[in-house]
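Tertiary structure, described
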Amino acid sequence: MKEITDIIKAYQKAKKEKKKAALATVVKVEGSSYRRPGARMLITEDGQLTGAISGGCLEGDALRKALSAIVQQENKLITYDTTDEDDAKFGVQLGCNGVVHILFEPIIEEDQLNPIAILTALQSKRENAVLATLFSLTDKLQLGTAMLFRNEPILSKTPQAIFDKTIKDILEVSEHKTTAIKAYNLDNQQIDAFLEFIQPPISLIIAGAGNDAQPLAEMAYLLGWEVTVIDGRPTHATPQRFTNATKVLVSKPENVLAQIQIDEQTAFVLMTHNYNYDLELLKYLLNTNAPYIGTLGPKKKLVRMLDELDLATPANQTRVHGPIGLDIGAETAEEIAISILAEIKSVFTGASAMFLKEKKKPIHVYELKNN
């Protein structure tokens, strides 16, 4: 979601400067590639790039293709076949041993459902959503970013002839929370649909506004997470100390839950260094559906808190992460922040947090479901 946020900001800046732009989206990958379907990049007519569609090897050629799309005011699908040993003919020297299909869409401001408008609507709410991008591998018809589906009126410019089939597949994607590629027939032409399941960014609630919370909040912001900092001390919980936090709240533990939203993408970190504050807040959190709760400090601290709350059940001992973080030998506040963020990310993605060199399966945690 951070990439989308950055792209929207970059487009708004380009719009003010009266610069034309195009959106590049990886819609399909066969074999190995640095970025997976859903990777996006905004290209302005003066060569400014925001986001990434590769490890840097495609961006130069993508600029040329984007400028062509802008000049001609039409969507273009470009295929880079890196399985060809003579990939130098693309002028990009990929070396990834895969086929990458990238859709280029000029941003037409008069179109109320242009790709940026749809991405902006996606970003406006903390709800699961599905984006449908329509393209063709066999024809010039490239419909582009065509639909945003969530629990509200649908934004769509999908052709009526394939609308119902698209909705049916989107409902399946939404139910299973799995991105998919489907194929439809439109006027005797095959149209592929990249149906991308997108969750809101992780909402990180940091209880504690000490100096060690500052790098945690800043690094989470750099990841594109929404950060809320809460502390009972007005001298510590200030916007000046946490400039990139979405919210900074001065609150007693009993008032915290009334001021925040908890959903399936919410993580709590208790690091106030005030045992009684953490204890009381933990009592309230255990009665919520918060999917991640972590406590800073030794394991015996968490055991003591659960015992005092008379909540030392196996479920709670599994649910609450204490001590918080992965074992990377962290010592400084910055290193501890990395450890904490890595653990939270692994929990939400269901990843093992093992060495990648020891992983037997593909690095990416999901595989596209095809027809």
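Residues numbered from 1 in each chain as written. Predicted model: local features only at pLDDT ≥ 70, side-chain atom pairs only at ≥ 80, totals over all residues. Heavy atoms only, no water.

Looking at the overall build of the protein chain
The cut-off we apply is this: Here a helix means four or more residues in a row that DSSP labels H or I, a strand means two or more in a row labelled E, and each is numbered from the N terminus. Summary of the burial criterion: residues with accessible area below 20% of their type's maximum are buried, those above 50% are exposed, and those between are partly exposed, where the area comes from a 1.4 Å probe applied to protein chains only. Here, residues are in contact when the closest pair of their heavy atoms is within 4.5 Å. A residue counts as positive if it is Lys or Arg and as negative if it is Asp or Glu; His and the chain ends are not included. To locate a charge, take atom NZ for lysine, CZ for arginine, CG for aspartate or CD for glutamate.
What the protein chain contains, in helices and strands, is 10 helices and 17 strands. For the protein chain, the spread of C-alpha atoms along the three principal axes comes to 70 × 45 × 40 Å. Each of the 371 residues in the protein chain was classed as buried or not, and the buried ones make up 47%. Contacts in the protein chain between residues far apart in sequence, at least 24 positions, make up 59% of those at least 6 positions apart. Taking the average place of the 41 positive charges on the side chains of the protein chain and the average place of its 47 negative ones, the gap between the two points comes to 2 Å.

Brief notes about helix H2 (residues 59–72)
For an α-helix, 3.6 residues make a turn, and residues three or four places apart therefore share a direction. Counted only if it meets this: In a helix, the anticipated span is given by 1.5 Å times the number of residues less one.
Its 14 residues give H2 an end-to-end C-alpha distance of 20 Å, which sits within 8% of 20 Å, the value for a rise of 1.5 Å per residue. Taken residue by residue, H2 has Glu59, Asp61, Ala62, Ala66, Ala69 and Ile70 as its buried positions. Remark: glutamine 73 follows H2 within two positions and exhibits a positive phi of approximately 55 degrees.

Section: the side chain of serine 136
Note the threshold: By the criterion applied in these results, polar contacts are pairs of N or O atoms within 3.5 Å in which, for protein atoms, one can donate a hydrogen and the other can accept it, and in which residues neighboring in sequence qualify only through two side-chain atoms.
Mapped onto the elements of the fold, serine 136 is located in the loop between strand S6 (129–135) and strand S7 (144–149). Engagement of the side chain of serine 136 in a polar contact is seen with the backbone nitrogen of threonine 138, the distance being 3.2 Å. Here serine 136 is in contact with Leu77, Leu141, Gln142, Gln190 and Ile191, once residues within four sequence places are set aside.

Focus on the layout of surface pockets
Convention followed: Grid spacing is 1 Å over the protein atoms alone, the probe is 1.4 Å, and a cavity is where that probe fits but cannot get out, while a pocket is an open set with protein on both sides within 12 Å along at least five of seven lines and lining residues have an atom within 4 Å of a point. Grid points are joined across faces, edges and corners, and a volume is the space filled by probe spheres set on the points. Source of the domain bounds: an automatic or database domain assignment.
Of the pockets and cavities examined, the second largest pocket occupies roughly 390 Å³. If you trace the second largest pocket, you find 20 residues lining it, with Thr5, Gln123, Gly224, Trp225 and Glu226 closest to the centre. Of all the elements, helix H1 (residues 2–16) adds the most residues to the lining of the second largest pocket, at four residues. Here the lining of the second largest pocket spans two domains, since at least three of its residues come from each of domain 1 (1–198) and domain 2 (203–349).

Here we look at the confidence of the model for the protein chain
Rules: The pLDDT value expresses, per residue, how confident the predictor is, ranging between 0 and 100.
For the protein chain, per-residue confidence averages 90 on the pLDDT scale, and residues scoring 70 or more make up 91% of the total. A low-confidence stretch, residues 88–94 (pLDDT under 50), is modelled with 17 contacts involving residues beyond four sequence positions or located in other chains.

Examining the packing of H1 against helix H3 (residues 115–123)
The condition that has to hold: To define axes, lines are fitted to C-alpha atoms, for helices over the stretch in contact only, and angles between the resulting N-to-C directions are given on a 0 to 180 degree scale. For this classification, under 35 degrees means roughly parallel, over 145 means roughly antiparallel, 65 to 115 means roughly perpendicular, and everything else is oblique. The handedness criterion is simple: a crossing whose near helix is rotated anticlockwise from the far helix by less than a right angle is left-handed, and one whose near helix is rotated clockwise is right-handed. When residue character is reported, Ala, Val, Leu, Ile, Met, Phe, Trp, Tyr, Cys and Pro are called nonpolar, Asp, Glu, Lys and Arg charged, and the others, Gly included, polar.
Where H1 contacts H3, the two axes come as close as 10 Å, and the packing angle between them is 130 degrees. In terms of axis orientation, H1 runs oblique to H3. The chirality of how H1 crosses H3 is left-handed. Contacts between H1 and H3 involve Ile4, Thr5, Ile7, Ile8 and Tyr11 from the former and Ile116, Leu119, Thr120, Leu122 and Gln123 from the latter. Residue composition of the contact of H1 with H3, by class: seven nonpolar, three polar and no charged.

Some remarks on the environment of isoleucine 191
Inspection of the secondary structure puts isoleucine 191 in strand S10 (residues 189–198). Ignoring any residue separated from it by four or fewer positions in sequence, one finds isoleucine 191 in contact with Leu134, Phe135, Ser136, Leu141, Lys182, Ala183, Tyr184 and Leu186.

Concerning the packing of helix H5 (residues 213–222) against helix H10 (residues 333–349)
Interhelical geometry of H5 versus H10 gives an angle of 50 degrees and a closest axis separation of 8 Å. Judged by the angle between their axes, H5 and H10 are oblique. Here H5 runs over H10; the crossing is right-handed. Side by side, H5 and H10 meet where Pro215, Leu216, Met219 and Ala220 of the first sit next to Ala333, Glu334, Ala337, Ile338, Ile340 and Leu341 of the second. A class-by-class count of the residues in the contact of H5 with H10 yields nine nonpolar, no polar and one charged.

Side note on the packing of aromatic side chains
To be explicit about the condition: Two rings belonging to Phe, Tyr or Trp (six-membered ring only in the last case) form a pair when the distance between their centres is within 6.5 Å. Interplanar angles under 30 degrees mark stacking, angles over 60 mark edge-to-face geometry, and anything in between is tilted. Only Lys NZ and Arg CZ are tested; either one counts as a charge over a ring when it is within 6 Å of the ring centre and within 35 degrees of the ring normal.
Counted under the stated rule, the structure contains zero aromatic pairs. Taking NZ or CZ as reference, lysine 283 lies 5.0 Å from the ring centre of tyrosine 284, over its face. Above the plane of the ring of tyrosine 275 lies arginine 304, whose end atom (NZ or CZ) is 4.2 Å from the centre.

Thoughts on the pairing of strand S15 (residues 292–295)
Remember that side chains alternate between the two faces of the sheet whenever the strand is regular. How we decide: Whether a crossover is right-handed depends on one test, that the path from the first strand over the helix to the second runs clockwise when the strands point away from the viewer. Pairing between strands is defined by DSSP: at least two bridges between the two strands are required.
With burial as the criterion, each face of S15 is covered, one bearing Tyr292 and Gly294 and the other bearing Ile293 and Thr295. Regarding the hand of the β-α-β motif, the stretch spanning strand S14 (residues 266–270), helix H7 (residues 275–285) and S15 is right-handed. Taken together, the two bridges between S15 and strand S16 (residues 320–321) define a ladder with parallel strand orientation. By the bridge assignment, glycine 294 is partnered in S16 with histidine 321.

Description of the side chain of glutamate 105
Cut-off, in case you're wondering: One side-chain nitrogen of Lys or Arg within 4 Å of one carboxyl oxygen of Asp or Glu is enough to make a salt bridge.
Structurally, glutamate 105 can be placed in strand S5 (residues 98–106). Buried within the structure, glutamate 105 lacks any salt-bridge partner; lysine 157 is the closest side chain of opposite charge, at an N-O distance of 5.6 Å. Setting aside chain neighbours within four positions, we find glutamate 105 in contact with Ala21, Ala22, Leu23, Thr25, Asn75, Pro115, Gly144 and Thr145.

Here we look at the nonpolar core
What counts is decided by this rule: To qualify as a nonpolar core, a set must consist of buried Ala, Val, Leu, Ile, Met, Phe, Trp, Tyr and Cys residues joined through side-chain atoms within 4.5 Å.
Ranked by size, the top nonpolar core spans 24 residues in total, and within it Leu204, Ile206, Leu216, Val269 and Ile344 carry the most contacts. For this core, the secondary structure elements donating two or more residues are strand S11 (203–207), H5, strand S12 (226–231), S14 and H10. In this structure, leucine 204 is in contact with Leu216, Ala220, Trp225, Glu226, Val227, Thr228, Ala267, Val269, Leu341 and Ile344, ignoring residues within four places of it in sequence. Counting residues in hydrophobic clusters, the runner-up holds 22 residues, among them Leu279, Leu281, Leu285 and Leu302.

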